[in-house]
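# Understanding the architecture of this molecule
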Amino acid sequence: MESQLNAWNSLYKQQEDRNKELQEEVTALHDLFQKNKVQNILDLGCGSGRYLLHFAKLGYTLSGIDISGEAIKQLTERLAAENLQADLQCADMIQLSWQDNFFDAILSIRVIEHNELSSIRMIIKDVYRVTKAGGYFFINIKKYPPWKDWKDGKFARIDDHLYAPTEGPEKGIIHYFFTKAELEELFADFSIINLAEDKKRQHYCLLLNKNNSK
Ligand SMILES: C[S@@+](CC[C@H](N)C(=O)[O-])C[C@H]1O[C@@H](n2cnc3c(N)ncnc32)[C@H](O)[C@@H]1O
């Protein structure tokens with residue numbers, strides 16, 4: 001994990017304003033959140049705050065966790081510049097410190113896939129624990145197999161479904177690619193509201209609900 005942490009920190013140092021564009025599938029959650037009185041949101045792997053800032057500006061109460069100290073530093077500065085507040089933690093999301101049934105909604109945008117499958121299973125278990133009954137979990141995640149021109153073809157296979165770029169700013173950062181069947185199995189404790197490819201057909205968007213009756 002140390003090498004992954006170093007890779008993330010150096011990526012954020014190189015690209016301070018990375019990922020500004022907001023995905024429609026994520027911003028559209030505002031309607032669902034309003035209808036269902038969502039207030040308390042966790043942004044899992046919040047990075048430098050692309051979505052955390054967006055939802056904080058809309059008036060939600062935000063918490064964020066990210067393993068990269070550099071990302072959390074940049075987000076702290078951005079929050080201060082916007083006069084906004086959030087509960088930020090610089091930690092590995094494999095074990096969350098929040099109490100059971102704490103969040104109305106959890107977001108994970110292109111995050112969980114940067115871990116090995118055994119860790120991904122543990123992360124999902126803990127996300128389930130901290131989600132309120134009736135709460136939501138929205139995930140944007142890579143679709144298996146890697147598309148032909150992903151990283152201009154400059155990537156290596158590490159294990160089943162696990163790849164890492166061999167060049168460029170994300171060199172060495174692991175990416176796990178998921179099949180639909182695998183997602184259905186991994187998230188079986190939740191009810192799947194929607195599981196669909198995003199516009200470019202390279203990622204899945206998954207909207208889940210922690211159903212009371214399960
Ligand atoms: C591709 S970035 C996405 C950031 C943000 N969600 C966005 O959409 O802009 C992935 C983020 O996940 C974080 N991350 C990866 N594995 C993590 C882990 N095990 N615990 C906490 N953060 C992690 C990385 O540090 C990085 O900031």
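Model, not experiment: these values are computed from the prediction. (Residues numbered from 1 in each chain as written. Predicted model: local features only at pLDDT ≥ 70, side-chain atom pairs only at ≥ 80, totals over all residues.)

## Let's talk about the site of the ligand
What counts here: To decide whether a residue is near a molecule or strand, its C-beta atom is placed from the backbone and checked for lying within 6 Å of it. Each helix is a run of DSSP H or I of at least 4 residues and each strand a run of E of at least 2, with the numbering of both proceeding from the N terminus. Note that Gly is not counted as nonpolar here; it falls among the polar residues with everything else outside the nonpolar set of Ala, Val, Leu, Ile, Met, Phe, Trp, Tyr, Cys and Pro and the charged set of Asp, Glu, Lys and Arg.
By nearness alone, 20 residues border the ligand, and Gly45, Gly47, Arg50, Ile67 and Met93 come closest of all. For the shell around the ligand, the secondary-structure elements that each account for two or more residues are helix H4 (50-57) and strand E2 (61-66). Class assignment for the residues of the shell around the ligand results in 10 nonpolar, six polar and four charged.

## Thoughts on the sheet that holds strand E5 (residues 131-142)
Where we set the bar: Here, any two strands with at least 2 DSSP bridges between them count as paired. In this analysis, axes come from line fits to C-alpha atoms, helices being fitted only over the stretch in contact, and the angle between any two N-to-C directions falls in the range 0 to 180 degrees. Residues are scored as being in contact if the C-beta atoms we place from backbone atoms lie within 7 Å.
If you trace the seven strands from one edge of the open sheet to the other, you get E3-E2-E1-E4-E5-E10-E9, paired in mixed fashion. Strands with a single pairing partner mark the edges of an open sheet, and in this sheet they are strand E3 (87-90) and strand E9 (191-197). Each strand axis lies, on average, 10° off the axis of its neighbour in the sheet, ignoring direction. By the bridge criterion, seven bridges tie E5 to strand E10 (residues 203-209) in an arrangement that is antiparallel. Each residue of the ladder has a partner; that of Lys142, found in E10, is His203. Packing against the sheet, helix H5 (residues 69-81) makes contact with E2 and E3, and its axis sits at approximately 160° to E3.

## Quick word on the sheet that holds strand E6 (residues 155-159)
Across the sheet, three strands lie side by side as E6-E7-E8; this open sheet has antiparallel pairing. With partners counted over all chains shown, the strands left at the sheet margins are E6 and strand E8 (175-176), one partner each. By the bridge criterion, four bridges tie E6 to strand E7 (residues 162-165) in an arrangement that is antiparallel. Each bridged residue has a counterpart across the sheet, and for Phe155 the counterpart in E7 is Pro165.

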